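The primary structure of each chain is shown beneath.
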Amino acid sequence: MNLCDKLIIPAQVMARVVGNETVILDLANGTYYGLDLVGARVWQLISENNSLLQICDEMVLEFETTHEVLQHDVLTLAQALLERKLVGVSD
Amino acid sequence: MRAWLAACVAGMPAKAVFPLLTSPEQLVTAAQAEDVVGLVNWRLQQVSFCSGISTVWTGAAPFAEFVQAFSIAAREEALSSMMIESESRGIIRLMAKAGIPSLMLKGSALAHWAYTQPHLRACSDVDLLVPSREDGEALSAQLTAKGYERVKTLGDLVAYELLCHRQVAGGWNLEVDIHWRLANSPLFANVFTFDELMKDSIELPKLAPGARGLGIVHAFIHACLHRALNLSTGTNDKLKWLYDLEVLMELFTPEQWKRLANLSVGKGVAGIVSDALHVAAATFGRELPAQWMGVMLRSQGNETLDARRLSDWRYMQRKSFESLPGFFQKIRWLGQRCFLSHEYLQQLYGKKEQSYIRLLLWRSSRLMLRCLQLSRIR
């Protein structure tokens, strides 16, 4: 996976914003996950069809961090989501 | 606790005194009993709301502990909401394929248009209205082919619905209630026809393409009828149901208030609607439009049902009996009320091993107790 990739959310994965966290549910196996505020923002930008690079560009304006740190964190989160089949890589 | 929860849900916690020495667990339990965990959590998460509330905090634990307890409980609500939403979408697709028209009812619809987020309206099942029992049977057959199990219900004059359920991933049990009348009692079963309701129905694009729910005025009257039937069986007002009314009132235009009053009068349910309006308004501190309340008040004296006696089980049963047309319908209704099936009684009382006679005796004793208690109260 690289920063130019766009991620897609499969039909069997749903999410809800509950207060400060986003709850993600994989309907295929009933497993759920929680994302904090930063993770939730990444999730939202994924759902709006942004590439990982576009997500970093957007978030660097919103959070006090550098591009390098953000790219590393976004890629790490994207990889974790991919491993759990909560996202797929768009063709 | 209930008064504080109501004030909190309405966004005015300062209007009620926080119950002293209440722990976070106790408050969450009370909110769960009222089905408003999601709403309370949503309010507690609002920064301006929290800063107002935490300065006058009198709870038994720090305010943050209450916020944390509600966050955890609200997560469960959100998960359940997603499960139900996903299942509703599947059922809507199934019905579209089978050519069965339907309307989503109660929370299954309100969650997707009247509330800002669907999980704020707690739901435990999917409620659907179809045009006829035959359509209900057809849908039930489709659902059983998809892994649902049909649940035994009461006779056709006592329950105008079919129930199906199945277990989904994660051990969640999902129930689908297929109604072919708007209310589960001969008292209100024919107040509206399916065509009337469909004509005024609204799209639910946030739920699924092709999904439809009751129009706002019909949804309001339905909530009032549902409340009346709940009261008649000893189920008291939950904040969740009253808040549905509050949310709809918030959305009413002056024209819709007028239509609500006129339709309630025309359908002979002004007393029931007016009673629900008063209770919801008193709970959440809303002022009601005097003009339209007056219209309903003037009419309710001429109605067959006395809205002051909704909690009187014997009165409501008598009225149900009287509302049935013809001798044979009345006899069938009595039979269905008195002699429930063995399977249904086992489900109702959770006594799988008991014989039919023992369960009938158990039911009779409970009914007698209910009559005696009501007599004593009066």
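Since we're looking at a predicted model, the values are computed, not measured.

### A few points about the interface of chain B and chain A
A common way to express how large an interface is: the accessible area buried when the components associate.
Alright, step 1. With 17 residues of chain B in contact, the opposing surface of chain A contributes 12 residues.
Alright, step 2. In terms of residues, the side of chain B that touches chain A owes the most to one element, helix H5 (residues 63-98) of chain B, which gives nine residues.
Alright, step 3. Along the lines of polarity and charge, the residues of the side of chain B that touches chain A split into seven nonpolar, eight polar and two charged.

### Some details on the confidence of the model for chain A
Regions with low pLDDT should not have their predicted coordinates read in detail.
Alright, step 1. Averaged over chain A, the pLDDT score is 93; the fraction of residues at 70 or greater is 100%.
Alright, step 2. The secondary-structure element of chain A with the lowest mean pLDDT is strand E4 (residues 31-35) of chain A, recorded at 93, while strand E1 (residues 7-8) of chain A shows the highest, at 95.

### A look at the pairing of strand E4 (residues 161-168) of chain B
All names here are of chain B.
Alright, step 1. Note that strand E3 (residues 149-151) and E4 share three bridges and pair antiparallel. Considered in E4, the bridge of Arg150 is made with Cys164.
Alright, step 2. Relative to strand E5 (residues 172-179), E4 runs antiparallel, the two sharing eight bridges. From the neighbouring strand, Glu161 faces E5, where its bridge partner is His179.

### Quick notes on helix H2 (residues 52-62) of chain A
Residue and element names in this part refer to chain A.
Alright, step 1. When H2 is considered as a whole, its buried residues turn out to be Leu52, Ile55, Cys56 and Met59. The buried side chains of H2 occupy one side of the element, clustering within an arc of 100° when seen end-on.
Alright, step 2. On its buried side, H2 packs onto helix H1 (37-47) and helix H3 (67-83).

### A closer look at the nonpolar core
Residues and elements named next belong to chain B.
Alright, step 1. Formed by 122 residues in total, the largest nonpolar core has its most connected members in Val40, Cys224 and Val273.
Alright, step 2. Ranked by residues supplied to this core, first place goes to H5 with 13 residues.
Alright, step 3. Residue assignment places this core across two domains, with domain 1 (2-61) and domain 2 (215-326) each supplying three or more.
Alright, step 4. Setting aside chain neighbours within four positions, we find Val40 in contact with Leu5, Cys8, Val9, Ala31 and Phe70.

### Remarks on the packing of H1 of chain A against H2 of chain A
Residues and elements named next belong to chain A.
Alright, step 1. Direction vectors running N to C along H1 and H2 enclose 135°, while the axes themselves pass 10 Å from each other. The orientation of H1 relative to H2 falls into the category oblique. Helix-helix and strand crossings are classified by hand; for H1 and H2 the assignment is right-handed. Within the contact between the two elements, H1 uses Arg41, Val42, Leu45 and Ile46 and H2 uses Ile55, Glu58 and Met59.
Alright, step 2. For the contact of H1 with H2, the residue count by class is five nonpolar, no polar and two charged.

So, how was this worked out
Residues numbered from 1 in each chain as written. Chains lettered and ligands numbered in written order. Predicted model: local features only at pLDDT ≥ 70, side-chain atom pairs only at ≥ 80, totals over all residues. Contact = placed C-beta atoms within 7 Å. Helix = DSSP H or I, 4+ residues; strand = E, 2+ residues; numbered from the N terminus. Nonpolar A, V, L, I, M, F, W, Y, C, P; charged D, E, K, R; others polar. pLDDT = per-residue confidence, 0-100. Pairing = 2+ DSSP bridges. Buried ≥ 20, exposed ≤ 12 C-beta atoms within 10 Å, placed from the backbone. Arc of directions from axis to C-beta. Core = buried A, V, L, I, M, F, W, Y, C linked by C-beta atoms within 7 Å. Domains from an automatic or database assignment. Axes fitted to C-alpha atoms, helices over the stretch in contact; angles between N-to-C directions. Parallel < 35°, antiparallel > 145°, perpendicular 65-115°, else oblique. Left-handed = near helix turned anticlockwise from the far one by under 90°.

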